[in-house]
Amino acid sequence: DQQVKQNSPSLSVQEGRISILNCDYTNSMFDYFLWYKKYPAEGPTFLISISSIKDKNEDGRFTVFLNKSAKHLSLHIVPSQPGDSAVYFCATRTTSGTYKYIFGTGTRLKVLA
Amino acid sequence: KAGVTQTPRYLIKTRGQQVTLSCSPISGHRSVSWYQQTPGQGLQFLFEYFSETQRNKGNFPGRFSGRQFSNSRSEMNVSTLELGDSALYLCASSWNAGGRTEAFFGQGTRLTVV
């Protein structure tokens, strides 16, 4: 039962254009969302997060949008650079019991030079 | 400040054997979580330790166990290895109990079971 879904396993974007990575979740009780980036042979690194009280958070070229009614999260990268090529995981936090992160299956982004 | 260190980086084991993986968290971090990453499955939560106590556990069989020491270092043990246990095992540390603050990941241990 996948509570966090990234339905696009891969995405290719031209350098300089916008990359949009999507994530859907099932539980309306989730209150904190994060994006992690992972290069091959490395652990995931934290990219950006958003609390459920906001609908947008921006950090440089990265913007995360949250649509609570649709239970949908997206990450926008503008402009995309070849160094952004990696696997991106969205994650969310449970609010019931002890806290833990639940990760999506990841989207492999390839930025073409 | 040193990051999260996982040892070994790569491991090859035979079915039926057991394995122990190690994780040293960032200095000052008291929470260590373990995840299994396999193709198409994302990161599956194994368990979390905070101040030497297991606080949360994922849906994995009892062959997967862990512990945390007083210096916050953690070990994960898998007994009676199966081919399906081949995966990248990631450890993450955070200052507070998992989920309340951002987690920082190590580079992982690539386990191959043959």
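Remember, it's a predicted structure, so these values are computed and weren't measured experimentally.

About the cut-offs
Residues numbered from 1 in each chain as written. Chains lettered and ligands numbered in written order. Predicted model: local features only at pLDDT ≥ 70, side-chain atom pairs only at ≥ 80, totals over all residues. Heavy atoms only, no water. Helix = DSSP H or I, 4+ residues; strand = E, 2+ residues; numbered from the N terminus. Rg over C-alpha atoms; globule rule 2.2 N^0.38 Å. Contact = heavy atoms within 4.5 Å. Areas by Shrake-Rupley, 256 points an atom, 1.4 Å probe, with all protein chains shown as cover. Lys, Arg positive; Asp, Glu negative; His and termini not counted. Charge placed at Lys NZ, Arg CZ, Asp CG, Glu CD. Buried < 20%, exposed > 50% of the residue type's maximum accessible area, 1.4 Å probe, protein only. Polar contact = N/O pair within 3.5 Å; in protein donor to acceptor, adjacent residues only side chain to side chain. Disulfide = S-S within 2.5 Å. Salt bridge = Lys/Arg side-chain N within 4 Å of Asp/Glu carboxyl O. Buried area = accessible area lost by both parts, 1.4 Å probe. Nonpolar A, V, L, I, M, F, W, Y, C, P; charged D, E, K, R; others polar.

S.K.: Just checking my understanding: could you explain the overall build of chain A for this structure?
M.R.: When you go through chain A residue by residue, the secondary structure sums to zero helices and 11 strands. In chain A, the succession of α and β elements from N to C terminus is β-β-β-β-β-β-β-β-β-β-β. Relative to the compact-globule value of 13 Å for 113 residues, chain A shows a C-alpha radius of gyration of 14 Å, a close match. Projected onto its principal axes, the C-alpha positions of chain A cover 45 × 30 × 20 Å. Across chain A, every contact between residues at least 6 apart in sequence was considered, and the portion connecting residues at least 24 apart equals 53%. Summed over its atoms, the accessible surface of chain A is roughly 5,400 Å², and 48% of this surface lies on carbon and sulfur atoms. Computed over 13 positive and 9 negative side-chain charges, the separation of the two mean positions in chain A equals 3 Å.

S.K.: How should the environment of B:Q6 be read in this particular structure?
M.R.: All names here are of chain B. Structurally, Q6 can be placed in strand β1 (residues 5–7). With a relative accessible area of 5%, Q6 lands in the buried category. A polar atom in the side chain of Q6 sits 3.0 Å from the backbone oxygen of Y89. A distance of 3.0 Å separates a polar atom in the side chain of Q6 from the backbone nitrogen of G108.

S.K.: I would appreciate a short explanation of the state of the cysteines in the present structure.
M.R.: In protein chemistry, a disulfide is the covalent bond that joins the sulfur atoms of two cysteines. Within this structure, the stated rule accounts for two disulfides over all chains. Here A:C23 is linked by a disulfide to A:C90, with a sulfur-sulfur distance of 1.9 Å. One quick way to see it: the torsion about the S-S bond of A:C23 and A:C90 is about 60 degrees, and its sign makes the bridge right-handed. Placement of the pair is A:C23 in strand β3 (residues 19–25) and A:C90 in strand β9 (residues 86–93), with a sequence separation of 67 residues. For the pair A:C23 and A:C90, one class covers both residues: buried. Between the sulfur atoms of B:C23 and its disulfide mate B:C91 the distance is 1.7 Å. Torsion about the S-S bond of the B:C23 and B:C91 cystine: about -40 degrees, corresponding to left-handed handedness. Of this pair, B:C23 sits in strand β3 (residues 19–24) while B:C91 is found in strand β9 (residues 87–94), placing the two residues 68 residues apart along the sequence.

S.K.: It is not clear to me how the side chain of A:S74 should be interpreted in this structure. Could you clarify?
M.R.: Residues and elements named next belong to chain A. Along the chain, the position of S74 falls in strand β8 (residues 72–77). A distance of 3.5 Å separates polar atoms of two side chains, one belonging to S74 and the other to H76. Apart from the residues within four sequence positions on either side, S74 is in contact with I20, L21, N22, W35, T63, V64 and F65.

S.K.: When you look at the pattern of salt bridges in this model, what are you seeing that I'm missing?
M.R.: In a structure, side chains of opposite charge can pair up when their charged atoms sit close to one another. In this structure the tally under the stated criterion is five salt bridges over all chains. Here A:R61 ties to A:D84 by a salt bridge, and the two come within 2.8 Å at their closest N and O atoms. In this pair, A:R61 sits in the loop between β6 (56–59) and β7 (62–67) while A:D84 sits in the loop between β8 and β9, placing the two residues 23 residues apart along the sequence. Between B:R63 and B:E82 there is a salt bridge whose closest N-O contact spans 3.6 Å. Here B:R63, found in the loop between β6 (53–57) and β7 (64–68), pairs with B:E82, found in the loop between β8 (74–78) and β9; they are 19 residues apart in sequence, far enough to count as distant. Each of the salt bridges in this network shares a partner with another, and the network as a whole consists of B:R63, B:E82 and B:D85.

S.K.: Would you mind going over unusual backbone geometry with me for this structure?
M.R.: The general pattern is negative phi for most residues beyond glycine and trans for most peptide bonds. Between A:V78 and the following residue, A:P79, the backbone shows a cis peptide bond with an omega angle of -10 degrees. With respect to the helices and strands, A:P79 occurs in the loop between β8 and β9. Here the residue pair B:T7 and B:P8 is connected by a cis peptide bond, since its omega of -10 degrees sits within 30 degrees of zero. Among the secondary structure elements, B:P8 is positioned in the loop between β1 and β2 (10–13). Unlike most non-glycine residues, A:K71 shows phi in positive territory, near 50 degrees. Residue A:K71 is classed as partly exposed on the basis of its relative accessible area of 26%. Residues other than glycine seldom take positive phi values, yet B:S51 does so here, at roughly 50 degrees.

S.K.: Quick question: what am I supposed to make of the interface of chain A and chain B here?
M.R.: Accessible area lost when the parts come together is the quantity often used to give the size of an interface. Listed by partner, the interface residues are 20 residues for chain A and 25 residues for chain B. Across the interface of chain A and chain B, roughly 1,800 Å² is buried in total on both sides, 53% from carbon and sulfur atoms. Summed over the shared surface of chain A and chain B, the number is zero salt bridges. Summed over the shared surface of chain A and chain B, the number is two residue pairs in polar contact (both at pLDDT 80 or more). Going through the elements one at a time, β4 (32–38), β5 (45–51), β9 and β10 (101–103) of chain A are the ones with two or more residues in the side of chain A that touches chain B. Element by element, the count of residues in the side of chain A that touches chain B is highest for β4(A), at four residues. Considered class by class, the residues forming the side of chain A that touches chain B number 10 nonpolar, six polar and four charged.

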